[in-house]
Amino acid sequence: MARPSGLDPERLSIANQFRDRRDTIYDLTCGPLWLSLRIGPTADTEPSGYRASASDGHRGRLEAAPITAVGSTRLAVLEAVGAEWEGSHEARGLPRVDWADVRRALEDVRAFR
């Protein structure tokens, strides 16, 4: 069975959103794809910075090393992790992701406020 080539913007949605001790975790789905995105402060001593990690949860890939990035704001870190994903998804066997659609989904739940 072939993997989907990307996310369908008509079906992208947040399936799950929760907080752990420091981070907010967003599980986004589109058809069979499951994208897990974790955003939180860089460290207790550096409250002005953020870090993010993104993992493909399709077929149990959450065990694979996530793509990570840092940024000065929650939006900047989303853009950074999206750029890192785009630059390495083919080599890592990850699906294409429309990060503009991910951003819109996170804006809908006020993730950047």
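Keep in mind that what you see is a predicted model, and the values were worked out from it rather than measured.

Caption draft 1: The arrangement of the confidence of the model for the protein in detail. Mean pLDDT over the protein: 82, with 81% of residues reaching 70 or higher. When pLDDT is averaged over each element of the protein, helix α1 (residues 74-92) comes out on top at 93 and strand β4 (residues 46-56) at the bottom at 84.

Caption draft 2: Unusual backbone geometry, seen in detail. The phi torsion at R110 lies on the positive side, around 60°, for a residue other than glycine. Take R110: it is sitting in the segment after α2 (99-108). In this structure R110 comes out as exposed when scored by relative accessible area, which is 57%.

Caption draft 3: View of the environment of D20. Along the chain, D20 falls in the loop between β1 (13-19) and β2 (24-30). Filtering out sequence-adjacent residues up to four positions away, D20 remains in contact with I25 and R38. Within the structure, D20 has its side chain in polar contact with the backbone nitrogen of R22 (distance 3.1 Å). Here D23 takes part through its backbone nitrogen, which lies 2.7 Å from a polar atom of the side chain of D20.

Caption draft 4: Seen up close, the packing of aromatic side chains. For the coordinates displayed, the defined rule picks out one aromatic pair. When the ring of W85 is compared with that of W99, the centres are 5.8 Å apart and the planes differ by 65°; the resulting orientation is edge-to-face. Here the residue W85 occupies a position in helix α1, and W99 occupies one in helix α2, the gap between them amounting to 14 residues. Side by side, W85 and W99 carry an identical accessibility label, which is buried.

Procedures and definitions
Within each chain, residues carry numbers counting from 1 in the order of the written sequence. Totals for whole chains, interfaces and linings use all residues, but because this is a predicted model, local features are given only for residues with pLDDT of at least 70 and pairs of side-chain atoms are given and counted only at 80 or more. In computing side-chain properties, one takes all heavy atoms of the structure into account and sets aside hydrogens as well as water. The quantity called pLDDT is the predictor's confidence in a given residue, expressed from 0 to 100. Secondary structure elements follow DSSP: runs of H or I of four or more residues count as helices, runs of E of two or more count as strands, with numbering from the N terminus. Any residue under 20% of the maximum accessible area for its type is buried, any over 50% is exposed, and the rest in between are partly exposed; the area is computed with a 1.4 Å probe on protein chains only. Contacts were defined at the residue level, with two residues in contact if any of their heavy atoms lie within 4.5 Å. Polar contacts, as counted here, are pairs of nitrogen or oxygen atoms within 3.5 Å of one another; within protein the pair requires one atom able to donate a hydrogen and one able to accept it, and residues that are adjacent in sequence qualify only if both atoms are side-chain atoms. Geometry of aromatic contacts follows a simple scheme: Phe, Tyr and Trp rings, the Trp one being its six-membered ring, pair when their centres are within 6.5 Å, and the pair is stacked under 30 degrees between planes, edge-to-face over 60, tilted otherwise.

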